[in-house]
Amino acid sequence: MTTIYGYIERITYSDEESGFVVAKLQEKGKRGLTTVVGKMPGIHPGESLKLIGQWVQNKRFGEQFQVDHYEITVPATVRGIEKYLGSGLIKGIGPIMAERIVRKFGLETLNIIENTPKRLSEVDGIGPKRIEMITRAWEEQKEIKEIMIFLQGHGVSATYSSKIYKQYGSRSIEMVRENPYRLAQDIHGIGFLTADRIAQNLGIAPNSLIRVKAGVVYVLSRLTEDGHVYYPERELIKKTQEILKVDPEIIEKAIAELSKEKDIIVEDLDGEKSSRAVYLAPFYVAEKGVAQKLEALRDSLSPIRAIHPEKAIEWVEKRLNITLAEKQKEAVLLAANSKVLIITGGPGTGKTTIITAILRIFQQLKLKILLAAPTGRAAKRMTEATQEEAKTIHRLLEFSPQKGGFKRDENHPLETDAVIIDETSMMDILLMYHLLKAIPLHAHLILVGDVDQLPSVGPGNVLKDIIDSGAFRVVKLTEIFRQAQESMIVVNAHRVNQGLFPILKKEGKKASQDFYFIEEEEPEKIQEKILSLCSERIPKSFGFHPVRDIQVITPMHKGILGVSNLNLELQKRLNPESRSFTHGSRVFRLGDKVMQIVNNYDKEIFNGDMGWVSTIDLESGEIVIDFDGRPILYDTSELDEIVLAYAISVHKSQGSEYPAVILPISTQHYVLLQRNLIYTAITRAKKLVVLIGTKKALAIAIKNNKPQLRFSHLSERL
């Protein structure tokens with residue numbers, strides 16, 4: 001074994017899950033940089049390391065140092081200290097400020113921050129406020145380092161140290177020792193498997209009840225991520241057994257205990273023991289609640305006085321200067337007569353016109369109406385279409401981070417006579433439950449959406465279940481309106497939805513067209529075509545902005561045509577030169593298109609919201625992201641909530657519209673090829689769709705109309 005010393009100059013690759021890192025090390029007494037590879041979770045640029053391992057020869061990359069074991073040491077060179085301070089580890093110090101501090105204090109820098117921080121005021125731009133911030137961050141960092149060393153001893157990525165510290169504070173290590181499984185529930189990004197590894201290292205027996213109970217909850221949580229509201233008990237025991245490698249008897253015992261503690265609910269669906277359903281408690285409460293609330297709403301009295309149907313239709317047609325089709329008239333009149341109404345249809349079938357017509361009639365009747373949609377983008381589109389304010393459901397229900405829930409509920413309901421929701425297919429069972437709790441019994445509820453799109457990211461298939469129950473009035477719109485018939489996007493979306501192959505125009509044939517198919521088999525060539533379409537061909541031919549107007553939507557997360565790789569390549573091609581900020585192995589540049597991937601209630605920015613990096617402050621190590629005109633500040637510890645969004649998954653595109661959409665379809669993704677996936681992606685485009693791939697892959701997708709089964713009992717409850 002060989003030992004080398006140095007500091008990390010930069011990280012070229014890191015996999016957060018496995019902790020595997022490829023980095024460039026500035027070795028003591030060496031001129032060039034050394035490539036080091038191995039499991040080094042949580043290391044930062046600038047950190048000084050003692051590395052134990054061996055030299056290896058890599059065929060592609062030449063000589064590398066393979067790390068078996070490493071220790072973080074105090075940086076011993078001026079450059080190392082500067083790198084370390086400027087890596088975003090200490091709040092209030094970015095790369096530029098780090099350079100100033102080190103220029104002033106040299107090798108004494110860390111000593112001064114530790115023992116005489118007041119002397120930092122000798123550096124340009126550092127006042128009492130910033131000194132206080134740096135001192136606090138330095139103290140936190142010391143505690144975080146202790147947690148880091150503890151976690152590393154148990155083979156866990158140190159990237160989670162600051163999150164664990166944020167959650168538990170100075171009691172972190174004690175809390176983890178007590179019950180490591182709580183990490184899986186409390187810390188975003190730490191799963192059961194990581195917590196299990198710590199538990200095993202701490203000597204918790206594989207068949208102990210604490211482990212098996214945590215395992216059952218983990219498996220159920222994973223299943224809700226796949227969209228299930230409950231899971232059949234027998235199947236659940238099998239799945240838990242596969243993961244935990246324990247006897248079914250102990251799993252049954254764990255289920256019984258969890259049920260007694262009300263963490264899970266077990267229900268006989270048909271009064272038969274053989275069809276027992278196991279729910280995580282919140283989902284059981286939500287599913288029962290949605291059924292009860294919808295029925296109560298439907299059966300209560302309406303505040304709307306009887307209207308004269310012909311006169312109402314005539315008045316609204318005149319007011320909006322349109323002629324409504326028969327189905328549209330039916331929907332408008334039903335809205336006044338039914339307490340709960342569902343309107344579903346594909347693109348170009350006139351859903352927006354109906355919403356506007358209902359709105360105008362209700363306004364004429366002096367009713368108070370609220371409009372909402374599940375995402376910020378969908379709410380914005382609803383506002384533009386109706387000229388009335390639409391809110392996100394989170395804002396409508398007034399989410400309070402302090403309370404950890406919504407202010408609006410049955411005790412503090414919304415002041416309204418009618419609620420109209422658009423893009424309802426995106427609502428999962430929990431959000432629907434929270435909404436229904438806040439709607440007063442006298443109000444009308446109108447749910448508008450496209451039931452053929454992908455179901456919600458969260459559990460349930462709410463819109464479909466409500467329609468399938470047959471318990472409510474439903475208007476299904478199938479007629480495509482004349483102006484929409486001219487769009488091949490709309491025509492082909494409906495063809496795909498009916499299981500028919502889209503009408504394709506070959507590339508190069510001159511046509512005033514908005515739907516193209518480019519035949520290409522090799523994933524590398526598909527990638528190259530995507531890059532040239534985004535950077536040159538589409539902007540040149542159609543005048544679209546390469547970043548703001550064109551959206552790449554892909555079915556995959558991994559691989560050449562996956563979200564991660566396409567984002568790196570598109571960033572290189574579309575935004576190579578801007579000022580940049582490095583966070584671990586990720587680079588954010590000024591002007592980058594980014595997306596929030598978890599709900600952040602403090603910032604009022606939600607999963608799926610898109611924005612642009614508008615400011616990078618290297619002095620304080622902070623970046624500002626512009627979300628639809630709202631500048632939001634992020635510090636380094638929050639950057640894992642943000643990802644590049646030049647390319648996004650189909651699920652993340654729901655509820656949004658883009659001028660141009662590029663969709664790679666390769667047989668590489670055949671497992672993921674589903675009709676509703678293609679349909680959802682196509683319907684995101686307003687003016688242009690380009691499919692790139694093989695007709696075979698497209699045919700597989702269109703044929704596959706078996707959306708993954710989701711276990712839910714809502715339809716039966718209704």
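In every chain, residue numbers begin from 1 and rise along the written sequence. Note on the predicted model: pLDDT of at least 70 is required for a residue's local features to be given, and 80 or more for side-chain atom pairs to be given and counted; whole-chain, interface and lining totals, by contrast, use all residues. Side-chain figures throughout are based on the complete set of non-hydrogen atoms in the structure, without hydrogens or water.

Concerning the overall build of the protein
Secondary structure is summarised from DSSP: a helix means a run of H or I of at least four residues, a strand means a run of E of at least two, and numbering begins at the N terminus for each. What the protein contains, in helices and strands, is 27 helices and 28 strands. Here the protein has a C-alpha radius of gyration of 28 Å; the compact-globule value for 718 residues is 27 Å, and the two agree. Seen through its C-alpha atoms, the protein measures out along the principal axes to roughly 90 × 65 × 55 Å. Scored against the burial criterion, the 718 residues of the protein give a buried share of 55%. Total accessible area on the protein stands at roughly 33000 Å², and carbon and sulfur atoms take up 49% of it. Asp and Glu count as negative and Lys and Arg as positive, but His and the ends of the chain are not part of the count. By convention, the charge on Lys lies at NZ, on Arg at CZ, on Asp at CG and on Glu at CD. Across the protein, the mean location of the 97 positive side-chain charges is 3 Å away from that of the 91 negative side-chain charges. Here the globule rule is a power law, 2.2 Å times the number of residues to the power 0.38, and the radius of gyration is based on C-alpha atoms. The classification of residues rests on relative accessible area computed with a 1.4 Å probe and restricted to protein chains. Under 20% of the type maximum is buried, over 50% is exposed, and intermediate values are partly exposed. Residue-level accessible areas treat just the shown protein chains as cover; the underlying method is Shrake-Rupley with a 1.4 Å probe.

Remarks on helix α15 (residues 351–364)
Any helix carries an expected span of 1.5 Å times its number of residues minus one. In a regular helix each residue adds 1.5 Å, so 14 residues correspond to 20 Å; α15 covers 20 Å between its end C-alpha atoms and thus fits that length. Burial analysis of α15 places ten of its 14 residues in the buried class, which makes it a mostly covered element. Buried residues of α15: K351, I354, I355, T356, A357, I358, L359, R360, I361 and F362, and no others.

Quick look at helix α18 (residues 429–438)
Most of α18 sits inside the fold, with eight of its ten residues counted as buried. We call two N or O atoms a polar contact when they sit within 3.5 Å, provided that within protein one can donate a hydrogen and the other can accept it, with sequence-adjacent residues counted only if both atoms are side-chain atoms. The opening residue of α18, the one whose side-chain oxygen lies 3.2 Å from the backbone nitrogen of L430, is D428.

Section: the sheet that holds strand β21 (residues 593–596)
Strand pairing is assigned whenever DSSP identifies at least 2 bridges connecting the two strands. The strand order β24-β23-β22-β21-β25 describes an open sheet built from five strands, whose pairing is antiparallel. Both outer strands of the open sheet, β24 (630–635) and β25 (642–644), are each paired with one neighbouring strand and no more. Each adjacent strand pair in this sheet contributes to an overall mean axis angle of 40°, direction not counted. Direction of pairing for strand β22 (residues 610–617) relative to strand β23 (residues 622–627): antiparallel, over a ladder of five bridges. Across the sheet, T615 pairs through a bridge with V624, a residue of β23. All axes are obtained by fitting lines to C-alpha atoms, using only the stretch in contact for helices, and the reported angles, taken between N-to-C directions, cover 0 to 180 degrees.

Re the sheet that holds strand β26 (residues 647–649)
Strand pairs in the sheet, formed through backbone hydrogen bonds, run parallel or antiparallel to each other. Judged by pairing direction, the sheet is parallel, and its five strands sit side by side in the order β17-β28-β27-β18-β26 without closing on themselves. Of all strands in the sheet, those with a lone pairing partner are β17 (515–519) and β26, marking the two edges. Taken over all neighbouring pairs, the strand axes of this sheet differ in orientation by 25° on average, direction set aside. Both β17 and strand β28 (residues 685–693) contribute to a ladder of five bridges, which runs parallel. In the sheet register, Y516 faces β28, and the bridge partner there is V690. Contacts are assigned to residue pairs with any non-hydrogen atoms lying within 4.5 Å of each other. On top of the sheet, helix α26 (residues 695–703) reaches β17, β27 (658–665) and β28; it is set at about 125° to β17, its chief contact.

Quick word on the environment of D468
For D468, the location among the structural elements is in helix α19 (residues 462–469). Between the C-alpha atoms of D468 and L714, which are 246 residues apart in sequence, the distance is 9.6 Å.

Notes on the side chain of D592
Counting through the fold element by element, D592 comes out in the loop between β20 (586–589) and β21. One polar contact links D592 to N575, side chain to side chain, over a distance of 3.0 Å.

Examining the pairing of strand β8 (residues 276–280)
Most of β8 sits out of view: five of its five residues are buried. Residue alternation in β8 divides its side chains into two sets, R276, V278 and L280 and A277 and Y279, and both sets are buried. Pairing analysis gives three bridges linking strand β6 (residues 230–232) to β8, with the strands arranged antiparallel. Residue Y230 lies in a different strand from β8, and its bridge partner there is Y279.

Points about the packing of helix α8 (residues 192–201) against helix α9 (residues 209–225)
Close contact between α8 and α9 brings their axes to 11 Å; oriented N to C, the two are set at 170°. Viewed along their axes, α8 and α9 adopt a mutual orientation that is roughly antiparallel. On α9, the residues that touch F192, L193, D196 and Q200 of α8 are R211, A214, G215 and Y218. Polarity classes work like this: nonpolar for Ala, Val, Leu, Ile, Met, Phe, Trp, Tyr, Cys and Pro, charged for Asp, Glu, Lys and Arg, and polar for all others, with Gly in that last group. Of the residues assigned to the contact of α8 with α9, the class counts are four nonpolar, two polar and two charged. Under this scheme an angle from 65 to 115 degrees is roughly perpendicular, one under 35 degrees roughly parallel, and one over 145 degrees roughly antiparallel; angles in between are oblique.

So, the packing of α15 against helix α16 (residues 376–386)
Closest axis-to-axis distance for the α15/α16 pair is 10 Å, and the angle between their directions is 65°. Here α15 and α16 pass one another in a crossing that is right-handed. The segment α15 lies against α16, with T352, I355, T356, L359 and R360 engaging M382, A385 and T386. Residue classes in the contact of α15 with α16 are distributed as four nonpolar, three polar and one charged. Two helices crossing with the near one rotated counterclockwise from the far one by less than a right angle form a left-handed crossing, whereas a clockwise rotation gives a right-handed crossing.

Notes on the environment of T478
Within the element layout of this structure, T478 appears in the loop between β16 (473–477) and α20 (482–485). When its relative accessible area of 64% is taken as the criterion, T478 is described as exposed. For the pair T478 and H494, spaced 16 residues apart in the sequence, the C-alpha separation amounts to 9.2 Å.

Digging into the pairing of strand β3 (residues 34–39)
Of all the six residues making up β3, five are buried; the element is thus mostly covered by neighbouring parts of the structure. In the sheet, strand β2 (residues 20–27) pairs with β3 via six bridges, with the strands oriented antiparallel. In the sheet register, V22 faces β3, and the bridge partner there is V37. Bridge count for β3 against strand β5 (residues 62–73) is two bridges, and the pairing is parallel. From the neighbouring strand, V37 faces β5, where its bridge partner is Q66.

A few points about the packing of aromatic side chains
Note on aromatic contacts: the rings of Phe and Tyr and the six-membered ring of Trp form a pair at centre separations within 6.5 Å, being stacked when their planes are under 30 degrees apart, edge-to-face when over 60 apart, and tilted otherwise. Counted under the stated rule, the structure contains eleven aromatic pairs. Ring centres of Y13 and F20 lie 6.4 Å apart, and the angle between their planes is 55°; on these two criteria the pair is classed as tilted. Residue classification places F20 among the partly exposed residues on the basis of a relative accessible area of 31%. Considering the side-chain rings of Y231 and F711, the 5.3 Å spacing of their centres and the 85° angle between planes classify their relative orientation as edge-to-face. Taken together, the positions of Y231 in strand β6 and F711 in the loop between α26 and α27 (714–717) put the pair 480 residues apart, joining distant regions of the chain. By relative accessible area, Y231 is classed as buried at 10%. Clustering of aromatic rings is evident, with ring pairs tying together Y230, Y231, Y279, Y284 and F711. Two limits define a charge over a ring: the Lys NZ or Arg CZ must be within 6 Å of the ring centre, and within 35 degrees of the ring normal. Its end group placed over the ring of Y5, K28 keeps NZ or CZ at 5.5 Å from the ring centre.

A look at the pattern of salt bridges
For this analysis, a salt bridge means a side-chain nitrogen from Lys or Arg found within 4 Å of a carboxyl oxygen belonging to Asp or Glu. Within the structure shown, the criterion is met by 31 salt bridges. Put simply, E410 and K293 hold a salt bridge, and the shortest N to O gap is 3.5 Å. On the criterion of sequence distance, the pair formed by E410 in the loop between β13 (405–406) and β14 (418–421) and K293 in helix α12 (residues 281–299) is long-range, its members being 117 residues apart. Judged by its relative accessible area of 41%, E410 is partly exposed. As a salt-bridge pair, E415 and R408 come within 3.1 Å of each other at their nearest N and O atoms. One salt-bridge network, in which partners are shared between bridges, spans K104, R119 and E122.

Points about the domain arrangement of the protein
Domain start and end points were adopted from an automatic or database domain assignment. Domain annotation for the protein reports domain 1 (2–72), domain 2 (78–168), domain 3 (205–286), domain 4 (300–476) and domain 5 (489–703). Distance from the C-alpha centre of domain 3 to the C-alpha centre of domain 4: 36 Å. Opposite the nine residues of domain 3 that make contact, domain 4 presents seven residues. Defined here as a combined quantity, buried area equals the accessible surface (1.4 Å probe) lost by two parts on assembly, summed across both. In this assembly, domain 3 packs against domain 4 so that about 600 Å² is buried in total across both faces, 76% of it on carbon and sulfur atoms. Three residues, V229, F283 and A286, lead the burial of domain 3 against domain 4; their summed loss comes to 61% of the area buried on that side. For the pair domain 3 and domain 4, the number of links is zero salt bridges. Seen at the junction of domain 3 and domain 4, the total is one residue pair in polar contact (both at pLDDT 80 or more).

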